Amino acid sequence: MQRSTQITWDQVRVGLVIIFTITILSVGVFLVGQIGNVFGERYRLVTVMVSAAGLVPGAPVQVAGQTAGQVDRIEFIAPDQRPPTGEAVAVWLAVSTNIQDQVRADSRARVRTQGLLGDRLIDIEPGSAGSRVLQDGDTLSSAPALSYQELLGRASDAVDGLTRLSTSLSDLTEGLLRGEGTAGQLLLNDQLYRQLVTLGDNLNEVLAPVAEGRGVFGRMLSDEELYDRLVSAVTSLDTLTASVAAGEGTVGRLVRSDSLYRALASSTATVDSLLGSLQDGESSIGRLLTDDGLYEEVLKTLVDLNTLLEDLRENPGKYVPPIRIF
């Protein structure tokens, strides 16, 4: 009679480890399937693109940045069946039905990269409320994707800009170290430094007496009596201004009363009338201003009078009558 094989504790322990490992793997697969909607119900959409560079079957499909499916397959479009816009690749997407209401006729699929140089995926923009919900087999519009070449080109432009900036900073630093410009002179010119030190000493000598209250400016800063006088003067000026504004005193009456204005207006009218009569040649003074003949006669009379006076000074005896004594 054959005896049964006895199961050892080591064998039981190995079996328990295997069972535990299988359980953990099963739970992990289930959780991964839940996260990626691997086991959920899906429907198919197709989108056409000019290029699907970097995109492979199984790549994630996201809606507004949230995982909602994966790329099912990628196929070329026959040249004679391509649309006029030139799309050459058809990408089939397996999308979870849980988010079907988000994908509508105005939604667009875009190929983008996870991170700067990560894997490629499809990201779908949610549609608007007024658009039709896409059904299984419908075509999803696509948006241009930023290619690796464009990405590297932009990075290259940024690097070139940083390089130019670094070169400019290097040239500027070298110019400063050579003493070029005002900043370079400030850094390297000892004479300018000594002049600045001397200027500082001179300013200190000028300001020290002021801080100590010596001199005119020092007394203005520290003399409280001068401050009180200035306050009193400002107060008096304010009082005087208020009295003038109120019409008090002679100046106030000149400012507030219109009698002076009327008197000035009357005087102006009188002077204007007098000047008008002079210009018209009325009266003796007016005729002197406007009558050329009268002007010449007066001028001739003055010349004759001047001649007579000169002769009188030279020959005074000529004009003294002889005196006879009886």
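Numbers given for residues are sequential positions, taken from 1 along each chain in its written order. For a predicted model such as this one, the threshold for reporting local features is a pLDDT of at least 70, and the threshold for listing and counting side-chain atom pairs is 80 or more; totals across whole chains, interfaces and linings nevertheless cover every residue. Calculated side-chain values reflect all of the structure's heavy atoms, with hydrogen atoms and water omitted.

## Considering the overall build of the protein chain
Here is step 1: Looking only at helices and strands, the protein chain features 10 helices and 7 strands.
Here is step 2: Evaluated residue by residue, the protein chain yields a buried proportion of 18% over its 326 residues.
Here is step 3: Contacts in the protein chain between residues far apart in sequence, at least 24 positions, make up 56% of those at least 6 positions apart.
Here is step 4: Per-residue and other accessible areas were derived by the Shrake-Rupley procedure at a 1.4 Å probe size, with only the shown protein chains allowed to occlude residues. Of the roughly 24800 Å² of accessible surface on the protein chain, 60% is carried by carbon and sulfur atoms. Put simply, DSSP H or I for four residues or longer makes a helix, DSSP E for two residues or longer makes a strand, and each gets a number counted from the N terminus. Whether a residue is buried, partly exposed or exposed follows from its accessible area with a 1.4 Å probe, protein chains only, as a fraction of its type maximum: under 20%, in between, or over 50%, in that order. Residues count as neighbours in contact if any of their non-hydrogen atoms are within 4.5 Å of one another.

## Considering the sheet that holds strand E7 (residues 141–142)
Here is step 1: Judged by pairing direction, the sheet is mixed, and its 7 strands sit side by side in the order E1-E4-E3-E2-E6-E5-E7 without closing on themselves. Two strands lie at the open edges of the sheet, namely strand E1 (42–49) and E7, each paired on one side alone.
Here is step 2: Pairing analysis gives 3 bridges linking strand E2 (residues 60–63) to strand E6 (residues 120–124), with the strands arranged parallel. Bridge pairing in E6 places Val63 opposite Ile124. We call two strands paired when DSSP finds no fewer than two bridges between them.

## Things to note about the pattern of salt bridges
Here is step 1: Salt-bridge detection follows one rule: a side-chain nitrogen of Lys or Arg within 4 Å of a carboxyl oxygen of Asp or Glu. A full pass over the atoms with the stated rule returns 8 salt bridges.
Here is step 2: For the salt bridge of Arg44 with Asp72, the shortest nitrogen-to-oxygen distance reads 3.3 Å. In this pair, Arg44 sits in strand E1 while Asp72 sits in strand E3 (residues 66–76), placing the two residues 28 residues apart along the sequence.
Here is step 3: Note on Arg44: relative accessible area 33%, which makes it partly exposed.
Here is step 4: We note a salt bridge from Glu125 to Arg108, for which the minimum N-O separation is 4.0 Å. With Glu125 in the loop between E6 and E7 and Arg108 in strand E5 (residues 108–113), this pair connects stretches of sequence that are 17 residues apart.
Here is step 5: The partly exposed category is assigned to Glu125, whose relative accessible area is 32%.
Here is step 6: Residue class for Arg108 comes out partly exposed when judged on its relative accessible area of 33%.

## Notes on the side chain of Thr47
Here is step 1: In this fold, Thr47 is placed in strand E1.
Here is step 2: Residue classification places Thr47 among the buried residues on the basis of a relative accessible area of 0%.
Here is step 3: Under the rule applied, a polar contact is a pair of N or O atoms within 3.5 Å (in protein, one hydrogen donor and one hydrogen acceptor; residues adjacent in sequence only if both atoms are side-chain atoms). Among the polar contacts listed, one links the side chain of Thr47 to the backbone oxygen of Leu140, at a separation of 2.9 Å.

## A look at the confidence of the model for the protein chain
Here is step 1: Considering every residue of the protein chain, the mean pLDDT works out to 78; 79% of them sit at 70 or more.
Here is step 2: Within the protein chain, helix H9 (residues 283–290) has the poorest average pLDDT of any element, 65, and strand E4 (residues 89–96) the best, 91. Values of pLDDT, which run from 0 to 100, indicate the predictor's confidence residue by residue.

## Section: helix H4 (residues 190–212)
Here is step 1: Between the first and last residue of a helix there are one fewer steps than residues, each counted as 1.5 Å, and that sum is the expected span. Between its terminal C-alpha atoms H4 stretches 33 Å, which fits the 33 Å expected from 23 residues at 1.5 Å a residue.
Here is step 2: Downstream of H4 by one or two residues, Gly213 has phi in the positive range, about 85°.

## A look at the pairing of E5
Here is step 1: Of the two faces of E5, only one is covered, namely that formed by Ala109, Val111 and Thr113; the face formed by Arg108, Arg110 and Arg112 stays uncovered.
Here is step 2: With 2 bridges connecting them, E5 and E7 associate as parallel partners. Across the sheet, residue Ala109 finds its bridge partner in E7, namely Ser142.
Here is step 3: Relative to E6, E5 runs antiparallel, the two sharing 5 bridges. Across the sheet, the residue bridging to Val111 is Ile122, located in E6.

## Things to note about the pairing of E2
Here is step 1: Judged from the 4 bridges that link them, E2 and E3 form a sheet pairing that is antiparallel. The residue of E3 that forms the bridge with Gln62 is Thr67.
Here is step 2: Following E2, the chain reverses through 2 residues before pairing antiparallel with E3; Ala64 in that reversal takes a positive phi of roughly 55°.

## Looking at the nonpolar core
Here is step 1: The biggest cluster of nonpolar side chains holds 22 residues, and the ones touching the most others in it are Leu55, Val71, Val91, Leu93, Val103, Ile122 and Ile124.
Here is step 2: Of all the secondary structure elements, the ones that give two or more residues to this core are E1, E2, E3, E4, E5 and E6.
Here is step 3: The biggest single contributor to this core is E4, with 4 residues.
Here is step 4: Apart from residues no more than four positions distant in its own chain, Val103 is found in contact with Tyr43, Leu45, Val63, Ile124, Val133, Leu134 and Leu140. Nine residue types can take part in a nonpolar core, namely buried Ala, Val, Leu, Ile, Met, Phe, Trp, Tyr and Cys, and a core is a set of them joined through side-chain atoms within 4.5 Å.

## Brief notes about the environment of Gly65
Here is step 1: Structurally, Gly65 can be placed in the loop between E2 and E3.
Here is step 2: Given the relative accessible area of 32%, Gly65 is considered partly exposed.
Here is step 3: Note: C-alpha distance between Gly65 and Glu125 (60 residues apart in sequence) is 8.7 Å.
Here is step 4: Ignoring any residue separated from it by four or fewer positions in sequence, one finds Gly65 in contact with Arg112 and Asp123.

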